[in-house]
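Fold and contact review
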Amino acid sequence: MISPDKDCRLCALCEGRTNLVLPSGDLDSPVVLVGEAPGENEDQQGAPFVGRAGQILNQAMEDVGLERSRVMITNTVKCRPPNNRDPEQSEMAACRKYLDSELSGRKAIIGLGKSAIRDLMGYEGPMGPVVNTRQYIEINGERILFIPTYHPMACVYRKAAREELRRTLAMVKEEFGL
Ligand code: SF4
């Protein structure tokens with residue numbers, strides 16, 4: 001796995017970051033969860049999904065009996081976008097080589113939310129038709145299972161989204177014996 005240098009300046013997101021946010025969890029897991037971008041807490045602590053979204057993700061994992069330490073968690077970009085805006089296409093492209101190296105050789109990739117799904121699957125439509133479907137994407141010439149699902153923040157006020165996220169996590173727990 002290749003990681004950006006702590007002084008990486010390949011895109012403009014370097015301007016506002018406090019810390020790079022690199023993957024956490026089991027770095028050898030067959031399953032990787034990919035979110036959009038670090039937020040304020042993640043930027044401060046240098047770890048993914050440690051703020052409000054992380055709490056919701058932790059709860060969903062606990063609900064289905066999946067330990068967070070059994071999967072790897074990362075983001076499409078490793079630096080926080082200003083004011084938590086969506087990362088731009090050019091920023092995701094600049095950071096993509098790091099993401100590809102994190103995803104290479106995995107059994108399944110879970111795309112959390114629209115930005116991750118757009119970056120990895122090239123899909124820009126509504127979430128409903130693709131959530132919890134089995135897609136395949138190519139990473140470094142290898143075909144890997146890709147399951148789109150809701151971002152934890154989309155689950156705050158939406159019970160149906162929360163249930164779909166739980167369903168995704170239960171599915172990978174079962175399929176990969178996590
Ligand atoms: S987002 Fe990625 S490419 Fe851009 S500065 Fe940060 S580590 Fe480098």
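See the structure printed just above.
Source: prediction; values computed, not measured. (Residues numbered from 1 in each chain as written. Predicted model: local features only at pLDDT ≥ 70, side-chain atom pairs only at ≥ 80, totals over all residues.)

The full set close to the ligand counts 14 residues, and Cys-8, Leu-10, Cys-11, Cys-79 and Cys-95 are the nearest of them. The residue inventory of the shell around the ligand, partitioned by class, reads 11 nonpolar, no polar and three charged. (Near = placed C-beta within 6 Å. Nonpolar A, V, L, I, M, F, W, Y, C, P; charged D, E, K, R; others polar.)

Pairing is mixed across the open sheet formed by six strands, whose spatial order is β1-β3-β2-β4-β6-β5. Among the strands making up the open sheet, the edge pair consists of β1 (24–25) and β5 (135–139). In terms of strand pairing, β5 meets strand β6 (residues 142–149) through five bridges, oriented antiparallel. Paired with Ile-139 across the two strands is Glu-142, which belongs to β6. (Pairing = 2+ DSSP bridges. Helix = DSSP H or I, 4+ residues; strand = E, 2+ residues; numbered from the N terminus.)

Right, let's talk about helix α5 (residues 159–176) for a bit. Over its 18 residues, α5 runs 26 Å from end to end, which matches the ideal 26 Å to within 8%, given 1.5 Å per residue. At its buried positions, α5 is contacted by β2 (31–35), α2 (52–64), β4 (108–112) and β6. Directly after α5, the chain includes Gly-177, whose backbone phi takes a positive value near 60 degrees. (Expected span 1.5 Å × (residues − 1). Contact = placed C-beta atoms within 7 Å.)

Grouped together as the largest cluster of nonpolar side chains are 41 residues, with contacts concentrated most on Val-32, Leu-33, Val-34, Ile-109 and Ile-110. Mapped by element, the contributors of at least two residues to this core are β2, α2, β3 (72–75), α3 (89–103), β4, α4 (114–121), β6 and α5. Broken down by element, this core gets its largest block of residues, six residues, from α3. Not counting chain neighbours up to four residues away, the residues in contact with Ile-109 comprise Val-32, Val-34, Leu-103, Leu-120, Ile-144 and Phe-146. (Core = buried A, V, L, I, M, F, W, Y, C linked by C-beta atoms within 7 Å. Buried ≥ 20, exposed ≤ 12 C-beta atoms within 10 Å, placed from the backbone.)

Attention shifts here to the pairing of β6. Pairing of β4 with β6, which is carried by five bridges, proceeds in the parallel orientation. Among the inter-strand pairings, Ile-109 is bridged to a residue of β6, identified as Phe-146. Count of turn residues in the β5/β6 antiparallel hairpin: two residues, of which Asn-140 carries a positive phi of about 50 degrees.

Let's shift gears to unusual backbone geometry. We note that Asn-84 has phi near 60 degrees; this positive angle belongs to a residue other than glycine. Residue position: Asn-84 is located in the loop between β3 and α3. For Asn-84, a count of 13 C-beta atoms within 10 Å gives the class partly exposed. Notably, Asn-132 is not glycine yet its phi reads approximately 60 degrees, a positive angle. As for its position among the elements, Asn-132 is in the loop between α4 and β5. Since 14 C-beta atoms lie within 10 Å of it, Asn-132 is described here as partly exposed.

Turning to the packing of α2 against α5, a few remarks are in order. Two elements in contact, α2 and α5, have axes separated by 9 Å at closest approach and are oriented at 55 degrees. Classified by the angle between their axes, α2 and α5 sit oblique to one another. As α2 runs across α5, the sense of the crossing is right-handed. For the pair formed by α2 and α5, the contact residues are Ala-60, Met-61, Asp-63 and Val-64 on the first element and Arg-162, Leu-165, Arg-166, Leu-169, Ala-170 and Lys-173 on the second. Grouping the amino acids of the contact of α2 with α5 by side-chain chemistry returns six nonpolar, no polar and four charged. (Axes fitted to C-alpha atoms, helices over the stretch in contact; angles between N-to-C directions. Parallel < 35°, antiparallel > 145°, perpendicular 65-115°, else oblique. Left-handed = near helix turned anticlockwise from the far one by under 90°.)

Function cannot be inferred from these measures alone, as they are strictly geometric.
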